[in-house]
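# Fold and geometry: a report
So the chains spell out like this:
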Amino acid sequence: MRKQRRRRRSRALAGAVAVTAVLGVAGCGVLGGSSAATKSEKTRAARAVQVWDRSPASIAAVGDSITRGFDACTVLSDCPEVSWATGTSEQVDSLAVRLLGRAQAADHSWNYAETGARMADLPGQMADAAVRRPQLVTVMVGANDACRTSVRAMTSVADFRSEFEDALATLRKALPKTQVYVASVPNLKRLWSEGRTNPLGKQVWKLGICPSMLSDADNLTSAATVRRDRVQQRVEDYNEVLREVCAKDRRCRFDGGAVYAYRFGTGQLSHWDWFHPSTDGQSKLAAIAYRAITAKDPVD
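Predicted, not measured: the structure shown is a model, and the values here were computed from it. (Residues numbered from 1 in each chain as written. Predicted model: local features only at pLDDT ≥ 70, side-chain atom pairs only at ≥ 80, totals over all residues. Heavy atoms only, no water.)

## Digging into the side chain of Ser65
Tracing the chain through its elements places Ser65 in helix H2 (residues 65-68). Here Ser65 falls in the buried class, since its relative accessible area comes to 6%. A polar contact is formed between the side chain of Ser65 and the side chain of His276, at a distance of 2.7 Å. Ignoring anything within four residues of it in the chain, the contact list for Ser65 reads Phe70, Glu114, Thr115, Gly116 and His276. (Helix = DSSP H or I, 4+ residues; strand = E, 2+ residues; numbered from the N terminus. Buried < 20%, exposed > 50% of the residue type's maximum accessible area, 1.4 Å probe, protein only. Polar contact = N/O pair within 3.5 Å; in protein donor to acceptor, adjacent residues only side chain to side chain. Contact = heavy atoms within 4.5 Å.)

## Digging into the state of the cysteines
Under the criterion given, the structure shown has three disulfides. Across the disulfide from Cys246 sits Cys252; the S-S distance is 2.0 Å. Sign of the S-S torsion, about -115° for the bond between Cys246 and Cys252, identifies this disulfide as left-handed. Residue classification places Cys246 among the buried positions, given a relative accessible area of 1%. Given the relative accessible area of 4%, Cys252 is considered buried. Cysteines bonded in the chain are numbered consecutively along the chain; their disulfide partners then correspond to 1-2, 3-4, 5-6. (Disulfide = S-S within 2.5 Å.)

## As for helix H5 (residues 122-130)
H5 sits mainly inside the fold: seven of its nine residues count as buried. Residues of H5 that are buried include every one of Leu122, Pro123, Gly124, Gln125, Met126, Ala129 and Ala130, and no others.

## Digging into the packing of H5 against helix H7 (residues 157-174)
Packed helices, taken two at a time, are described by the angle their axes make and the gap between the axes. For the pair H5 and H7, the least separation of the axes is 8 Å and the interaxial angle reads 15°. Put simply, H5 runs roughly parallel to H7. Remark: the crossing between H5 and H7 carries right-handed chirality. From H5, Leu122, Pro123, Met126, Ala127 and Ala130 reach across to H7, where they touch Glu163, Phe164, Asp166, Ala167, Leu168, Thr170, Leu171 and Ala174. (Axes fitted to C-alpha atoms, helices over the stretch in contact; angles between N-to-C directions. Parallel < 35°, antiparallel > 145°, perpendicular 65-115°, else oblique. Left-handed = near helix turned anticlockwise from the far one by under 90°.)

## Description of the sheet that holds strand S3 (residues 136-140)
Spatially, S2-S1-S3-S4-S5 is the arrangement adopted by the five strands of the open sheet, whose pairing is parallel. The sheet terminates laterally at strand S2 (109-111) and strand S5 (252-254), the two strands that pair on one side only. Each neighbouring strand pair of the sheet contributes to a mean axis angle of 15°, computed without reference to strand direction. Bridge count for S3 against strand S4 (residues 179-182) is four bridges, and the pairing is parallel. Across the sheet, residue Leu136 finds its bridge partner in S4, namely Gln179. (Pairing = 2+ DSSP bridges.)

## What to know about the side chain of Asn239
Relative to the assigned elements, Asn239 resides in helix H11 (residues 222-247). There is a polar contact of 2.6 Å between the side chain of Asn239 and the backbone nitrogen of Val185. With residues up to four places along the chain from it excluded, the contact list for Asn239 reads Ser184, Val185, Phe254 and Tyr260.

## Focus on a nonpolar patch on the surface
Together, Val75, Leu76 and Trp272 make up a nonpolar patch on the protein surface, roughly 320 Å² of accessible area in all. The exposure class assigned to Val75 is partly exposed, which follows from its relative accessible area of 42%. (Patch = residues over 30% accessible without salt bridge, like charges linked within 9 Å, V, L, I, M, F, W, Y side chains within 5 Å. Areas by Shrake-Rupley, 256 points an atom, 1.4 Å probe, with all protein chains shown as cover. Salt bridge = Lys/Arg side-chain N within 4 Å of Asp/Glu carboxyl O.)

## Some remarks on the pattern of salt bridges
All told, the structure shown has 10 salt bridges when counted by the stated rule. Here Arg161 makes a salt bridge to Glu244, at a shortest N to O gap of 2.7 Å. With a gap of 83 residues between them, Arg161 in helix H7 and Glu244 in helix H11 connect regions that are remote in the sequence. A residue is classified by how much of its surface remains accessible, and Arg161, at 25% relative accessible area, is partly exposed. Asp280 is paired through a salt bridge with Lys284; the nearest N and O atoms lie 2.8 Å apart. Separated by four residues within a single helix, Asp280 and Lys284 lie in helix H13 (residues 279-294), roughly one turn from each other. Connected through salt bridges with shared partners, the residues Arg196, Lys202 and Asp218 form a single ionic network.

## A look at the nonpolar core
Core analysis: the largest hydrophobic core is formed by 49 residues, its most contacted members being Leu122, Met126, Val139, Val182, Leu188 and Leu214. Of the residues forming this core, the biggest block, seven residues, is contributed by H11. If we ignore the near neighbours within four places in the chain, the residues touching Met126 are Val62, Val137, Val139, Ala167, Leu168, Thr170 and Leu171. One finds Tyr181, Ala183, Val259 and Ala289 within the second-largest nonpolar core, a separate group that totals 23 residues. (Core = buried A, V, L, I, M, F, W, Y, C linked by side-chain atoms within 4.5 Å.)

## Thoughts on the packing of aromatic side chains
On inspection of all chains with the given rule, the structure shows two aromatic pairs. Taking the centre distance of 4.0 Å and the plane angle of 15° together, the rings of Phe160 and Tyr238 count as stacked. With Phe160 in helix H7 and Tyr238 in helix H11, the pair connects residues that are 78 residues apart, well separated along the chain. The pair Phe160 / Tyr238 is uniform in exposure class, with both members buried. A cation over an aromatic ring shows up here: Arg190 above the ring of Phe264, its NZ or CZ 5.7 Å from the ring centre. (Phe/Tyr/Trp six-rings, centres within 6.5 Å; stacked < 30°, edge-to-face > 60°. Lys NZ or Arg CZ within 6 Å of the ring centre and 35° of its normal.)

Structure, rendered in structure tokens:
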């Protein structure tokens with residue numbers, strides 16, 4: 001059993017940015033507006049500017065089985081060497097290798113993700129990662145919150161939000177300036193659509209893989225369709241939470257829904273379970289993350 005971690009409720013930290021404008025003109029207000037209005041506009045603009053280093057020198061990864069490379073190498077096993085975030089495999093060219101170089105990545109990247117983790121586990125992972133004092137933390141979590149035994153068992157949107165806020169607050173308490181990259185939750189309905197084309201995949205799913213979405217894969221009745229649509233809506237709601245919470249942190253970048261929008265095929269799925277990313281799928285995730293992190297401006 002995964003050890004129980006004490007959940008923390010942390011107060012959100014708010015920072016104020018002071019903007020001083022030195023004007024060489026006396027008399028009327030600039031642009032015809034009041035000085036108070038001008039100051040307010042400048043303050044809002046300053047707060048909107050994101051502080052972001054596109055070349056962090058160290059990386060810690062948190063999240064679930066996707067970041068652990070589960071079922072990418074052998075059946076029912078983690079394979080962190082092919083992790084999109086911190087892996088060493090040349091087949092993947094992980095985010096850490098792309099940003100730090102292969103030699104540097106070996107000593108300056110750490111993987112604290114756990115197979116089976118949900119958002120409720122993220123504060124504990126953040127606390128563990130903070131010990132390393134990384135300049136960047138990558139987050140990919142949420143699929144297990146939607147992949148439950150039933151629709152009713154899915155993590156509520158409210159709990160998902162409070163748990164993510166707790167996770168960021170945990171990190172910020174220890175490392176106020178560490179950057180965070182947040183990947184969107186993958187498109188589970190596309191996973192069902194692509195994976196169900198393979199007879200073996202459908203048989204494997206019957207063992208209990210993501211039953212809220214994948215059970216009775218060939219069932220196209222209205223009830224089954226409604227069930228899948230509810231799971232898909234919950235994933236979209238989770239992604240909106242990730243976007244909104246991340247947007248409040250000047251050192252957080254959301255991927256803009258890039259992972260969710262990626263049109264993966266069976267080649268990007270593990271042929272052990274037709275659910276987790278294959279080595280090629282891990283490589284695609286690394287490329288998406290690298291583009292988002294090294295972009296001049298964050299994705300909306």
